[in-house]
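Chain residues, written in single-letter form:
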Amino acid sequence: MSGPKIAIVIYSMYGHIAKMAEAVKKGIESEGGHATILQVAETLPEDILTKMHAPPKPEYPVAAPADLLEYDGYLFGIATRFGGFPAQFKAFWDASGQLWQSGHLAGKFAGAFVATGGPGGGQESTYFSILTTFVHHGLVFVPLGYKYTSDLWNSNFSEIRGGSPFGAGTFAGDGTRQPSEVELETASIQGREFFKLVKRSHAN
Ligand SMILES: Cc1cc2nc3c(=O)[nH]c(=O)nc-3n(C[C@H](O)[C@H](O)[C@H](O)COP(=O)(O)O)c2cc1C
């Protein structure tokens, strides 16, 4: 297989981020790209997960930081906790010291997509919370911007939607709300444009 490989690395408790990840993957594949969805390890004990009514995890392989070495770009799917990224991702990154020391991620591209309960729940602050980790690893943050979503978003205030120029986003509400068509389309656009950027850089 030629061309860059993208890892979509997620933490999803109730499945919203997993759904968004599939849409991101579709966007990458629409450009002939290859993407693999991985998840970070759960850190909460089983009894707490039961109390939180967490369904079984999706089937994606569990990633260790060293797995990132196999890929050329990364899109992180993050379920927001208290306006920032969850401890499960923190545990993943806190085990990445060797990668940091070797500088293997430096200069590679990374973007993110998020899920919150609702608007004002911290989609943008979740991006800010991951930036220090990206910066320390030398990862180049790739925002979604407005260029490819303005037709989809512009003046459409008739429906509620997650997402921002930082990246795609969805609202889970009480858990029963599912990612909307616009949110999934935004996720696909993000995947497609991210892949195109990595491919351009890969060719040089
Ligand atoms: C401990 C905890 C903290 C949370 N903190 C926030 C928050 O700060 N803002 C928010 O809008 N939603 C918050 N939520 C809701 C989650 O972000 C939401 O359930 C999740 O993004 C849905 O994605 P998932 O289905 O992929 O797990 C929180 C949920 C939990 C369990």
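About the criteria used
Residues numbered from 1 in each chain as written. Predicted model: local features only at pLDDT ≥ 70, side-chain atom pairs only at ≥ 80, totals over all residues. Heavy atoms only, no water. Helix = DSSP H or I, 4+ residues; strand = E, 2+ residues; numbered from the N terminus. Contact = heavy atoms within 4.5 Å. Buried < 20%, exposed > 50% of the residue type's maximum accessible area, 1.4 Å probe, protein only. Pairing = 2+ DSSP bridges. Right-handed = clockwise from strand over helix to strand, strands pointing away.

(A) View of the environment of Tyr-71. Along the chain, the position of Tyr-71 falls in the loop between helix H2 (46–51) and strand E3 (73–79). With 67 residues separating them along the chain, Tyr-71 and Pro-4 place their C-alpha atoms 7.3 Å apart. If sequence neighbours within four positions are ignored, Tyr-71 has contacts with Lys-5, Ile-6, Ala-7, Thr-36, Leu-38 and Lys-108.

(B) Highlighting the pairing of strand E4 (residues 109–116). Counting buried positions over the eight residues of E4 gives eight, a clear majority of the element. Looking at chain direction, E3 and E4 are connected through seven bridges and run parallel. Note on E4: the bridge partner recorded for Leu-75 is Gly-111. In the sheet, E4 pairs with strand E5 (residues 140–141) via two bridges, with the strands oriented parallel. Bridge pairing in E5 links Ala-110 to Phe-141. Taken together, E4, helix H5 (residues 123–137) and E5 form a β-α-β motif whose crossover is right-handed. Bridge analysis of E4 against strand E6 (residues 169–171) gives three bridges, and the strand direction is parallel.

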